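# A closer look at the structure
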Amino acid sequence: MSGESNMCGIVGIYGNEDVFKDLHQGLLAIQHRGQDSAGIITYDGRFHTKKGNGLVQDIFTAEHALRLRGNIGLGHTRYPTVGGGRGEDAQPFLVNSPFGIMMAHNGNVINYAQLKKFLFDKHHRLLNSDNDVEAILNIFAQELAEQKTKALKPQAVIKAVEGVFQKVKGGYSVVAYIAEQGFVAFRDPYGIKPLVYGKREEGRSPSYAIASESVSLNIMNFADIKNVEAGQVLFIDRNRRIHTRKIAHCPHTPCLFEWVYFARPDSFIDNVNVYDCRVHLGSFLADEIKKQNLKIDVVVPVPDSARDAAIEIARKLNLKYREALVKNRYIGRTFIMPADQARKTSVRHKLNPITSELVGKNVLLVDDSIVRGNTSKAIIQLVRECGAKKVYFAAYSPPLRFPCVYGIDMQTKTEFVARGADPDQVAEKIGADKVIYQSLESLKKVVQLGNKKLEDFCGACFDGIYPTGDVTPEILEAIEKDRKAAQERQLELSIQ
Ligand code: SF4
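Here's a quick rundown of the structure. (Residues numbered from 1 in each chain as written. Predicted model: local features only at pLDDT ≥ 70, side-chain atom pairs only at ≥ 80, totals over all residues. Heavy atoms only, no water.)

## Notes on the overall build of the protein
Defined as follows: Counting from the N terminus, the helices are DSSP H or I runs at least four residues long and the strands are E runs at least two residues long. Taken over C-alpha atoms, the radius of gyration is set against a globule rule of 2.2 Å times the number of residues to the power 0.38. Buried means the residue's accessible area, taken with a 1.4 Å probe over protein chains only, is under 20% of the maximum for its type, while exposed means over 50%, and partly exposed covers the values in between. By the convention used here, residues are in contact when the closest approach between their heavy atoms is within 4.5 Å. Residue-level accessible areas treat just the shown protein chains as cover; the underlying method is Shrake-Rupley with a 1.4 Å probe.
Scanning the protein from N- to C-terminus turns up 16 helices and 22 strands. Relative to the compact-globule value of 23 Å for 496 residues, the protein shows a C-alpha radius of gyration of 23 Å, a close match. Looking at the protein residue by residue over its 496 residues, the buried ones come to 60%. Considering only intrachain contacts with a sequence separation of at least 6, the fraction spanning at least 24 residues in the protein is 71%. Accessible surface, the protein: about 19,800 Å² in total, of which carbon and sulfur atoms supply 50%.

Written out as structure tokens, the structure reads:
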């Protein structure tokens, strides 16, 4: 996949010294989860904020390292799933009352419009951005305010999160800090989005960190890493005592696409190593490719995510493996140029072929997935222009056919090339001699190899079964409308 979808990354630290440096490192480690905007808020008796559009390394400077003081902080890196990436939509968010609360999330709230109306009509709370974390934060704040207490007990926080679970529908992982009260993290009742926490022993009291991916905690030297479970709330009080409670008991259905594409290979998602998964996905896909009886001369990955699977495919089928497409990492992502022609040009700028490895060969291209098919089509054309005899295309995920409502901007349903098409029809549309997909059963089996306790998954973008069960045609339509509007804004930006 070449940057057609993405999500967000969160980091929070309850430390002993200034946490800005660690937060910055932690965010850099999960930059792949969103490159549109980033923000950090720290707390030292006051909240200190810096947010901006762009990459983590470009937004924060030495001046921010000096200004953002405090031993407590949250960081966020964002790809806009709701809203069009306006500055005021960058996270984390703050409310002043009760106590002062900062919050960041990863995911998508599917009843955002109703919540916005409910908060205004019932509680006179105005949501000032298009970011759904503002809805979660205001619901949480309202639940806390209604408890009318000056010093929060764990039970009060748990009750407030219960209120959030009752009212907020969708997939979301959340981290928050309530001033002078404690640190809070929770994962939606179905645990669709990942969330982990860890500990670092330091002097008298340990530091704690929470993040979307374990790699972030590794980089910041936090150990003893555990998952926040589906429907679980974690509260670290002002004496740094940890309180956890599982308050929702829905089936745990983590997002399958984390292991396919989103997460870094060196992360563990729900105790399953992402790299191992991708190698096994290659192995299972090799079995499918073998059944096709194709004459293949060389296996070529679409860089970077497909490399681990492609190496395994070549090894298992005893074929030559060549990195014949070289990626320029410094070119902007293709999605900022929605028009077809712009996309083609962008692929050409981003990937340069090594012609000698392709000329006269039957080439098997391997990618993680096929979304709209435009990028795959442009890559296939590029390989043909180098003189390849046949071009086969293998995706190590199943065909994508349904929009994601839980935080991944996967395009609108009419744009999926596999929607209403079998693999041969997809091959025709993208100009391949053959298209081979992973089956959904194999994908699930592969993840279960890493953690037998995972029984169920969200695979809604593959099979249209939304685990939260409350995805109505109206919700799908509203999301589609939002995405179209966002695409138009992107198109305007790319033309300017
Ligand atoms: S619909 Fe797809 S991308 Fe979205 S959460 Fe489910 S598996 Fe992940």
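## Digging into the sheet that holds strand S8 (residues 182-187)
Which entries qualify depends on this criterion: For two strands to be treated as a pair, DSSP must find at least two bridges joining them. In this description, a line fitted to the C-alpha atoms serves as the axis of each element, helices being fitted only across the stretch in contact, and the angle between N-to-C directions of two axes falls anywhere from 0 to 180 degrees.
Strand order in the open sheet formed by 6 strands is S5-S6-S7-S8-S12-S13, with antiparallel pairing between adjacent strands. Unpaired on one side and paired on the other, strand S5 (93-95) and strand S13 (242-246) mark the two borders of the sheet. Ignoring strand direction, the axes of neighbouring strands in this sheet form an average angle of 15°. Examined bridge by bridge, strand S7 (residues 170-178) and S8 share 6 bridges and lie antiparallel to one another. Its bridge partner being in S8, Val-174 is matched across the sheet by Phe-186. In the packing of helix H6 (residues 154-167) onto the sheet, the strands contacted are S7, S8, strand S12 (232-237) and S13, and the crossing angle to S8 comes to about 35°.

## Some words on the packing of helix H5 (residues 132-145) against H6
We count it as follows: Each angle gets one of four labels, with under 35 degrees taken as roughly parallel, over 145 as roughly antiparallel, 65 to 115 as roughly perpendicular, and the rest as oblique. Take the far helix as your reference; a near helix turned counterclockwise from it by less than a right angle gives a left-handed crossing, and one turned clockwise gives a right-handed crossing. Each residue gets one label: Ala, Val, Leu, Ile, Met, Phe, Trp, Tyr, Cys and Pro are nonpolar, Asp, Glu, Lys and Arg are charged, and the others, such as Gly, are polar.
Across the interface, H5 lies against H6 with an axial gap of 8 Å and an inter-helix angle of 135°. Here H5 lies oblique to H6, going by the angle between them. The interaxial crossing formed by H5 with H6 has right-handed handedness. Contacts from Ile-136, Ile-139, Phe-140, Glu-143 and Leu-144 in H5 reach Ala-156, Val-157, Lys-159, Ala-160, Val-161, Gly-163, Val-164 and Lys-167 in H6. Of the residues assigned to the contact of H5 with H6, the class counts are 9 nonpolar, 1 polar and 3 charged.

## Remarks on the pattern of salt bridges
So the rule is basically this: Salt bridges are defined by distance alone: a side-chain nitrogen of Lys or Arg within 4 Å of a carboxyl oxygen of Asp or Glu.
According to the stated counting rule, one finds 23 salt bridges in the structure shown. When the shortest N-O distance is used, the salt bridge between Arg-315 and Glu-312 registers 2.8 Å. Separated by 3 residues within a single helix, Arg-315 and Glu-312 lie in helix H10 (residues 307-317), roughly one turn from each other. Bridged by salt links that share partners, the residues Asp-304, Arg-307, Glu-323 and Lys-327 form one connected network.

## Details of the site of the ligand
To keep things clear, this is the line we draw: The near set for a molecule or strand comprises every residue that places at least one heavy atom within 4 Å of it.
Around the ligand, the surrounding shell holds 12 residues, and the nearest of these are Cys-255, Cys-404, Ile-408, Cys-458 and Cys-461. Split into classes, the residues belonging to the shell around the ligand amount to 11 nonpolar, 1 polar and no charged.

## A word on the packing of helix H4 (residues 112-123) against H5
The contact between H4 and H5 brings their axes to 10 Å, and the two run at 40°. It follows from the interaxial angle that H4 and H5 lie oblique. The element H4 and its partner H5 pack so that their crossing is left-handed. Of the residues in H5, those touching H4 at Tyr-112, Leu-115, Phe-118, Leu-119 and His-123 are Asp-132, Ala-135, Asn-138, Ile-139 and Gln-142. Counted by class, the contact of H4 with H5 contains 6 nonpolar, 3 polar and 1 charged residues.

## Digging into the nonpolar core
Worth spelling out the cut-off: Working definition of a nonpolar core: buried Ala, Val, Leu, Ile, Met, Phe, Trp, Tyr and Cys residues. They are joined through side-chain atoms within 4.5 Å.
The biggest cluster of nonpolar side chains holds 56 residues, and the ones touching the most others in it are Phe-257, Trp-259, Ile-289, Leu-364 and Val-447. If you list the elements that add at least two residues to this core, you get helix H8 (257-262), helix H9 (274-291), H10, strand S20 (362-367), strand S21 (390-395), helix H14 (440-450), helix H15 (460-463) and helix H16 (473-495). The element best represented in this core is H9, accounting for 6 residues. Dropping the residues within four chain positions of it, Ile-289 is found in contact with Ile-296, Ile-313, Leu-317, Leu-364, Ala-394 and Ile-436. Residues Val-133, Val-164, Ala-176 and Val-233 belong to the second largest nonpolar core, which totals 36 residues.

## Details of the state of the cysteines
Our working definition: What counts as a disulfide here is a pair of cysteine sulfur atoms lying within 2.5 Å.
All told, the structure shown has 0 disulfides when counted by the stated rule. Between Cys-277, a free cysteine, and Cys-255, which holds the nearest cysteine sulfur, the sulfur-to-sulfur gap is 12 Å. When its relative accessible area of 2% is taken as the criterion, Cys-277 is described as buried.

## Describing unusual backbone geometry
Put simply, Gln-91 and Pro-92 share a cis peptide bond, and its omega is -5°. With respect to the element layout, Pro-92 can be found in the loop between strand S4 (72-78) and S5. Cis rather than trans, the peptide bond between Ser-97 and Pro-98 has omega equal to -5°. The backbone phi angle of Phe-99 is positive, close to 70°, even though this residue is not glycine. Take Phe-99: it is sitting in the loop between S5 and strand S6 (101-109). Among the residues examined, Phe-99 registers a relative accessible area of 28% and is labelled partly exposed. Of note in the backbone geometry, Asn-293 takes a positive phi value of approximately 55° without being a glycine.

## Points about the pairing of strand S1 (residues 9-14)
Burial analysis of S1 places 6 of its 6 residues in the buried class, which makes it a mostly covered element. Neither face of S1 is left uncovered, since the one carrying Gly-9, Val-11 and Ile-13 and the one carrying Ile-10, Gly-12 and Tyr-14 both have all their residues buried. Relative to S4, S1 is paired through 6 bridges, and the arrangement is antiparallel. In the strand pairing of S4, Ile-13 is matched with Gly-73. Bridge count between S1 and strand S10 (residues 207-211): 4 bridges; the pairing is antiparallel. Of the residues in S10, the one forming a bridge with Gly-12 is Ile-210.

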